[in-house]
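Residue-level structure breakdown
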Amino acid sequence: MGAGGEGDAAAAAAAVRVLVVDDSPIDRKVVELLLRNHKGGAAPFHVTVVDSGKKAMELLGPKGQGRLDSSSADANELTVDIVLTDYCMPEMTGYDLLKAIKALSSPNPIPVVVMSSENEPQRISRCLTAGAEDFILKPLKSKDVQRLRNCSNSGKPKDTDDAQCKSLSSRRKMMPSDQIAKKATSEQRSQITKVAMVLNASSIELSHYFQFLFKFILLAYAVLCLGELLNRWSNSSFLSLWSS
């Protein structure tokens, strides 16, 4: 029984502790289920969800400074390895929450990953410049979960994961916003090309339709003319017979 308890405690200690911040109850549930059921890593995810940046700061604020240091954390305090926050939220946006977390005087800064349903290059550059470890587009996918794991302070040897995360973050911070914009522009051009192909195909179909309609009108006109000629011919034949 004691061995089982020690195993559960070890598993809990090894878990990646994620604080999910999102004002949408549906999005919170989707992220929570995805993280809890993810089997791609050795350590499971321990997920805590809140619906606002204000509530997140109540957990991470002045009373929670230094909670990532296990020697100073109380048993009832929340320890967090990474914060996953939505960008668009009322009162306190994800960007505001990011700046507030980075302003905490903690010996081990809490990594923050921002997520958004809108792919705006300026927004991405703004968050990465402010210290976000990564920026993920919603909805969160299974392939994105490993990115969270790599950027987290999980209590295990962090040399490899931190190096990967810092390298990713530094590359994104060094990436000029115009390069990000060019990427977005190329995606827009691709969409425009697809629309042009559809319109071109539609125009071809319309040209065939108009050709058919024109031929039909000519045929109908010819039939009317022929009918008129036959009518005149029959009338003239009848009058000639009547006069004779």
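Residues numbered from 1 in each chain as written. Predicted model: local features only at pLDDT ≥ 70, side-chain atom pairs only at ≥ 80, totals over all residues. Heavy atoms only, no water.

Some details on helix H5 (residues 121-129)
All of the buried residues in H5 are Pro121, Arg123, Ile124, Ser125, Cys127 and Leu128. Where H5 ends, the next residue or the one after it, Gly131, has phi of about 115 degrees, a positive value. (Buried < 20%, exposed > 50% of the residue type's maximum accessible area, 1.4 Å probe, protein only. Helix = DSSP H or I, 4+ residues; strand = E, 2+ residues; numbered from the N terminus.)

Digging into the pairing of strand E3 (residues 82-86)
Taken across its five residues, E3 has five buried, putting it largely inside the fold. By the alternation rule, side chains of E3 split into Ile82, Leu84 and Asp86 and Val83 and Thr85, which are all buried. As defined by bridge partners, strand E1 (residues 16-21) adjoins E3 across four bridges and the pair is classed as parallel. The residue bridging Val20 from the neighbouring strand is Leu84, located in E3. Sheet analysis places E3 next to strand E4 (residues 112-116), joined by four bridges and oriented parallel. Bridging across to E4, Val83 finds its partner in Val112. Chirality of the crossover, the property in question, places the unit of E3, helix H4 (residues 94-102) and E4 among those that are right-handed. (Pairing = 2+ DSSP bridges. Right-handed = clockwise from strand over helix to strand, strands pointing away.)

As for the pattern of salt bridges
One side chain can pair with another of opposite charge once the charged atoms of both are near each other. One pass over the full model with this rule turns up 12 salt bridges. Two residues, Lys138 and Asp27, come together in a salt bridge whose shortest N-O distance is 2.7 Å. A residue pair is termed long-range when its members are at least 10 positions apart, and Lys138 in the loop between strand E5 (134-137) and helix H6 (142-150) and Asp27 in helix H2 (residues 25-36) qualify at 111 residues. One salt bridge connects Arg123 with Glu120, and the closest N-O pair in it is separated by 3.6 Å. (Salt bridge = Lys/Arg side-chain N within 4 Å of Asp/Glu carboxyl O.)

What to know about the UniProt feature "modified residue: 4-aspartylphosphate" (unreviewed entry) in the protein chain
Under the UniProt annotation, the feature "modified residue: 4-aspartylphosphate" (unreviewed entry) is placed at Asp86. Judged by relative accessible area, which is 6%, Asp86 ranks as buried. Apart from the residues lying within four places of it in its own chain, the contact partners of Asp86 are Val21, Asp22, Asp23, Gly94, Met115, Ser116 and Lys138. (UniProt positions renumbered as here; feature names shortened; annotations may be inferred. Contact = heavy atoms within 4.5 Å.)

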